[in-house]
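Commentary on secondary and tertiary structure
Chain by chain, the residues run as shown.
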Amino acid sequence: MEVNGWNFSDIHDSVWTEAGFSRSVYRYENGTIETAIEGFVESFTEEHDMADIRCYSNKYEGEVSMTIKLQERKEVNLHFGGVEMTLNLPEFDWTWPFGI
C-alpha cells in the first residue's frame, strides 16, 4: 500500500504516522487467504486532504485506490410542507474510486 507514493512501511514523521499501519493475514475456512494493510485515523485534518491511497498486489495485476477529499462542515436548512429540518453534513468527505 502506498500513501501519496510512499510505501506504508516508510511513512515516518508524517500526518499518516498516527494511523499505525500494519500488515495482517487472514485465513478463512474456505481456503481464502486475505492480506490487509490496516490503520486508523481518529479525525482527518487539512494535511490529509487530497491524499492518494493505493493498494496493489505483488502477485496479481490491478489495484484499488482512493483519494481523500475534505470538505468544510455545512449546515443546511430544508423545508418540506411546513416541516423544517436542519442537517449537519459531514465535516469531511472521502471518495473511493476503484481502479481495478
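Heads up: the structure comes first, above all this text.
Structure report, in brief. All of these numbers come straight from a predicted model, not from anything done at the bench.

Cut-offs used in this document
Residues numbered from 1 in each chain as written. Predicted model: local features only at pLDDT ≥ 70, side-chain atom pairs only at ≥ 80, totals over all residues. Heavy atoms only, no water. Helix = DSSP H or I, 4+ residues; strand = E, 2+ residues; numbered from the N terminus. Polar contact = N/O pair within 3.5 Å; in protein donor to acceptor, adjacent residues only side chain to side chain. Buried < 20%, exposed > 50% of the residue type's maximum accessible area, 1.4 Å probe, protein only. Contact = heavy atoms within 4.5 Å. Salt bridge = Lys/Arg side-chain N within 4 Å of Asp/Glu carboxyl O.

1. As for the side chain of Thr-67
Mapped onto the secondary structure, Thr-67 falls in strand S6 (residues 63-70). A distance of 2.8 Å separates the side chain of Thr-67 from the side chain of Asp-52, its partner in a polar contact.

2. Concerning the side chain of His-48
Mapped onto the secondary structure, His-48 falls in the loop between strand S4 (33-38) and strand S5 (51-56). Judged by its relative accessible area of 0%, His-48 falls in the buried class. There is a polar contact of 2.8 Å between the side chain of His-48 and the backbone nitrogen of Thr-45. Apart from the residues within four sequence positions on either side, His-48 is in contact with Val-15, Trp-16, Val-41, Ser-43, Ile-68 and Leu-70.

3. Details of the pattern of salt bridges
Per the stated rule, a full pass over the model turns up two salt bridges. Among the ionic pairs, Glu-63 bridges to Arg-54, the shortest N-O distance being 2.8 Å. Arg-54 gets classed as partly exposed once you look at its relative accessible area, which sits at 26%. Shared partners join several salt bridges into a network, and the residues in it are Glu-2, Arg-54 and Glu-63.

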